[in-house]
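Breakdown of the fold
Okay, here's what each chain looks like letter by letter:
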Amino acid sequence: MSDRQISTQNTTRLDKWLWAARFFKHRSAATEAVDGGKVKLNGVAVKPARDVKVGDRLDITVGEDSRTVLVRAIADKRGSATVAQTLYEETTESIDAREHARDLRKFAATPGADLHGRPTKRNRRRMDRFGGC
């Protein structure tokens, strides 16, 4: 771990930490996720400016993926992926749940996964014919 990337402060903003830990590609995406209720700090929905400290528990939902992590170190600058992995520890329950969800997705396709964008003129006519419009 580099001293430049790991902060000597005890706390940092939640959105900065999520970005530094590489859960989101952009800090604005981290801010939107926190505002949208996709991130909970110690089980409570909070604002992006809330301080995160070592020992806090975060419930993070990105797409279909949900993780529960414990904060192990504080960083307010984005570093390499190896440094980012030292910032948190995922709980065993979270790992098991993600593996189970991944296995379920293998066996059952997501509804609407075969639909791509707007229907073509031909598909629209077929839908109208069966829809009874």
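Look up: the structure comes first, before these words.
Notes on the structure follow. (Residues numbered from 1 in each chain as written. Predicted model: local features only at pLDDT ≥ 70, side-chain atom pairs only at ≥ 80, totals over all residues. Heavy atoms only, no water.)

1. Let's talk about the sheet that holds strand S3 (residues 44–45)
Defined as follows: Two strands pair under a simple rule: DSSP has to find at least two bridges between them. Here a helix means four or more residues in a row that DSSP labels H or I, a strand means two or more in a row labelled E, and each is numbered from the N terminus. The contact definition used throughout considers only heavy atoms, calling two residues in contact when any of these lie within 4.5 Å. A fitted line through C-alpha atoms represents every axis, and for helices the fit uses only the stretch in contact; the resulting angles, taken between N-to-C directions, go from 0 to 180 degrees.
The strand order across the open sheet built from five strands is S3-S2-S5-S6-S7, with neighbouring strands paired in antiparallel fashion. Pairing within the sheet leaves two strands with one partner each, and these edge strands are S3 and strand S7 (88–90). Inspection of the sheet shows strand S5 (residues 57–62) paired to strand S6 (residues 65–71) by six bridges, in the antiparallel sense. The residue of S6 that forms the bridge with Val 62 is Asp 65. Across the face of the sheet, helix H4 (residues 92–107) comes into contact with S6 and S7 while running at roughly 165° to S6.

2. Quick look at unusual backbone geometry
Glycine aside, residues mostly have negative phi, and peptide bonds are mostly found in the trans state. Spelled out, the test is: For each residue, the accessible area found with a 1.4 Å probe, counting protein chains only, is set against the maximum for its type, and the residue is called buried under 20%, exposed over 50%, and partly exposed in between.
In this structure, Arg 22 is a non-glycine residue whose phi angle is positive, near 65°. Among the residues examined, Arg 22 registers a relative accessible area of 39% and is labelled partly exposed. A positive phi angle, close to 55°, is found at Asn 42, a residue other than glycine. Structurally, Asn 42 is set in the loop between strand S2 (39–41) and S3. Looking at Asn 42, the relative accessible area reads 40%, which means it is partly exposed.

3. Quick look at helix H2 (residues 27–35)
Heads up, the condition is: The reported arc concerns the directions from the helix axis to the C-beta atoms and nothing else.
Those residues of H2 that fall on the buried side of the exposure criterion are Ala 30, Ala 33 and Val 34. What you see down the axis of H2 is that its buried residues fit within an arc of 95°, all on one side. Relative to its buried face, H2 has exposed residues pointing more than 90 degrees away, namely Glu 32 and Asp 35. Along its buried surface, H2 packs onto helix H1 (14–20) and S2. Gly 37 sits one or two positions beyond H2 and adopts a positive phi of about 80°.

4. Brief notes about the nonpolar core
Test applied: For the purposes of this section, nonpolar cores are sets of buried Ala, Val, Leu, Ile, Met, Phe, Trp, Tyr and Cys residues that join through side-chain atoms within 4.5 Å.
Among the nonpolar cores identified, the biggest contains 23 residues, and Trp 17, Leu 18, Phe 23 and Leu 58 are the most heavily contacted of them. Within the residue set of this core, elements represented by two or more residues are H1, H2, S2, S5 and S6. Sequence-distant contacts of Leu 58, that is, excluding residues within four places in its chain, are made with Leu 14, Trp 17, Leu 18, Val 39, Lys 40, Leu 41, Arg 67, Thr 68, Val 69 and Val 71.

5. Quick notes on the pattern of salt bridges
Test applied: The working definition used for a salt bridge is a side-chain nitrogen of Lys or Arg within 4 Å of a carboxyl oxygen of Asp or Glu.
Under the criterion given, the structure shown has nine salt bridges. With its nearest N and O atoms 3.0 Å apart, the salt bridge here joins Arg 13 to Asp 15. Residue Arg 13 is classed as partly exposed on the basis of its relative accessible area, which comes to 32%. For the salt bridge of Glu 90 with Arg 98, the shortest nitrogen-to-oxygen distance reads 2.8 Å. A relative accessible area of 14% places Glu 90 in the buried class.

Worth remembering: the numbers are spatial, not functional.
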